[in-house]
Amino acid sequence: MLTKSLPSVFTVGNLFLGILAIILVFNERPEYAAIMVIVAMLMDGLDGRVARALNAQSEFGKELDSLSDVISFGVAPAFIMYVVAFSGINEAAAWIVTAIFPICGALRLARFNVIDGIPGYFVGLPIPAAGGVLCTLALFHKDIPSIVLLISTLILSYLMVSTIKYPSFKKVGVPKAAYWILPLVIALAVILAIVFPGTLSKLLFIPLVLYALYGLKKNVNRLFRRSKRRLEEENANRHTHQF
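Quick caveat: nothing in here was measured; it's all calculated off a predicted structure.

Novice: So what exactly am I meant to see when it comes to the overall build of the protein chain here?
Specialist: Counting its regular elements, the protein chain contains 8 helices and 2 strands. Counting helices and strands in the order they occur from the N terminus, the protein chain gives α-α-α-α-β-α-α-β-α-α. For the protein chain, the residues scored as buried account for 41% of the 243 residues in total. Partitioning the intrachain contacts of the protein chain with sequence separation of at least 6 by distance along the chain shows that 84% fall at a separation of at least 24. When the accessible surface of the protein chain is split by element, carbon and sulfur atoms take 69% of a total near 13,600 Å².

Right under this line is the structure:
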């Protein structure tokens, strides 16, 4: 029974960290808030793998995971960005953009739950990755203009609801022998996060943003190939009409 409940323990831990992140950012500790989101990403990556390995998948776990993700990777990162970066811009714009991000995240999760995906890929930027980029990007608010952060938030929101394909790493499994070591791994991650809050978050920003940009690059390449194909067809038709 305990084994079957293990995936939900990770999911609830993910939700707890998301709520903690919201509390921390409103207590003027954005670095620690961002770290909570990052550690929640780690727990979110483990719950599904553990459920599949233990054959403990269920509709309850699926719904709980989605609800937790909306808080931890939608609401929490949006509030982190709002509190640290949007205070100096138009209030209405700040409110709207802050709301758009978790709304798009919820739409992304709802689509994921009801539509069959493409094997090996996610359709749209996964909300944990989008939330990770947003909360770590917020830590650069002193170096990046608020308008750029506002636009970046909208871009991330669009990427979540887009049809851009992102590689999935779900098949990277966890050996059964390692299950009981996972709490130690998470504890180590939390300790490192507490000791190096700002530095660790900013370092993790790099791989996260590269993953997000990968999808944009794939989309641009697809549009370029489509335009090139259309141009070739038009040239071929024009050449045929000449004869």
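Novice: Sorry, what's going on with the packing of aromatic side chains here?
Specialist: Two numbers describe a pair of aromatic rings. These are the distance of the centres and the angle of the planes. Tallying each qualifying case throughout the model produces 2 aromatic pairs. With 5.4 Å between their ring centres and 65° between their planes, F26 and F79 make a pair best called edge-to-face. One end of the pair, F26, is in helix α1 (residues 2-26); the other, F79, is in helix α3 (residues 59-85), and 53 residues separate them in sequence. On the basis of relative accessibility, which here comes to 28%, the residue F79 falls in the partly exposed class. Both rings, one in F112 and one in F122, keep their centres 6.4 Å apart while their planes meet at 55°; by these two values the pair is tilted. Here F112 is found in helix α4 (residues 91-114), whereas its partner F122 is found in strand β1 (residues 121-123), with 10 residues between them in sequence. Overall, F112 belongs to the partly exposed group, its relative accessible area being 36%.

Novice: Would you mind going over the packing of α3 against helix α5 (residues 127-137) with me for this structure?
Specialist: Between two packed helices, both the angle of their axes relative to each other and the distance between the axes serve to describe the pair. Where α3 contacts α5, the axes come no closer than 8 Å and their chain directions differ by 20°. By the angle between their axes, α3 is roughly parallel relative to α5. The handedness of the crossing between α3 and α5 is left-handed. On α5, the residues touching D69, V70, F73, G74, P77, A78, I80 and M81 of α3 are I127, P128, G131, L134, C135 and L137. In the contact of α3 with α5, the residues fall into 11 nonpolar, 2 polar and 1 charged.

Novice: Hey, could you run me through α3 in this one?
Specialist: An α-helical segment advances 3.6 residues per turn. Residues three or four places apart therefore align on the same side. Compared with an ideal rise of 1.5 Å per residue, which puts 27 residues at 39 Å, α3 spans 38 Å between its outermost C-alpha atoms and is within 8% of the ideal. The axis of α3 is deflected most strongly, by about 25°, at D69.

Novice: How should I be thinking about the nonpolar core in this particular structure?
Specialist: Nonpolar side chains tend to gather and get buried jointly when the protein is soluble and globular. Formed by 54 residues in total, the largest nonpolar core has its most connected members in M81, F86 and L125. For this core, the secondary structure elements donating two or more residues are α1, α2 (30-53), α3, α4, α5, α6 (146-161) and α8 (197-242). If near-sequence neighbours (up to four positions away) are discounted, M81 is found in contact with F86, L134, L137, A138, L149 and T153.

Novice: Looking at this structure, I do not really get the side chain of S157. What am I missing?
Specialist: Locating S157 in the fold gives a position in helix α6. Of note is the side chain of S157, whose polar atom sits 2.8 Å from the backbone oxygen of T153. The residues touching S157, leaving out its near neighbours within four places in the chain, are I100, F101 and C104.

Novice: Even after reading the chapter, I still don't get the side chain of S66, so can you show me in this structure?
Specialist: Mapped onto the elements, S66 comes out in helix α3. Take S66: its relative accessible area is 9%, and that puts it in the buried class. With residues up to four places along the chain from it excluded, the contact list for S66 reads L109 and N113.

Novice: What's the story with a nonpolar patch on the surface in this structure? I'm lost.
Specialist: Among the surface-exposed residues, I103, L107, Y158 and V161 lie close enough to one another that they form a single nonpolar patch of about 380 Å² accessible area. Where the nonpolar patch is concerned, the elements lending two or more residues are α4 and α6. In this fold, Y158 is placed in helix α6.

Novice: Got a minute to help me understand the environment of A33 in this structure?
Specialist: For A33, the location among the structural elements is in helix α2. The spacing of A33 and I19 is 14 residues in sequence and 9.4 Å in space, taken between C-alpha atoms. Those residues within four positions of A33 in sequence are excluded, and the remaining contacts are A21, L24, V25 and I80.

Cut-offs used in this document
- Residues numbered from 1 in each chain as written.
- Predicted model: local features only at pLDDT ≥ 70, side-chain atom pairs only at ≥ 80, totals over all residues.
- Heavy atoms only, no water.
- Helix = DSSP H or I, 4+ residues; strand = E, 2+ residues; numbered from the N terminus.
- Buried < 20%, exposed > 50% of the residue type's maximum accessible area, 1.4 Å probe, protein only.
- Contact = heavy atoms within 4.5 Å.
- Areas by Shrake-Rupley, 256 points an atom, 1.4 Å probe, with all protein chains shown as cover.
- Phe/Tyr/Trp six-rings, centres within 6.5 Å; stacked < 30°, edge-to-face > 60°.
- Axes fitted to C-alpha atoms, helices over the stretch in contact; angles between N-to-C directions.
- Parallel < 35°, antiparallel > 145°, perpendicular 65-115°, else oblique.
- Left-handed = near helix turned anticlockwise from the far one by under 90°.
- Nonpolar A, V, L, I, M, F, W, Y, C, P; charged D, E, K, R; others polar.
- Expected span 1.5 Å × (residues − 1).
- Bend = angle between axes of the 7 residues up to and from the residue.
- Core = buried A, V, L, I, M, F, W, Y, C linked by side-chain atoms within 4.5 Å.
- Polar contact = N/O pair within 3.5 Å; in protein donor to acceptor, adjacent residues only side chain to side chain.
- Patch = residues over 30% accessible without salt bridge, like charges linked within 9 Å, V, L, I, M, F, W, Y side chains within 5 Å.
- Salt bridge = Lys/Arg side-chain N within 4 Å of Asp/Glu carboxyl O.

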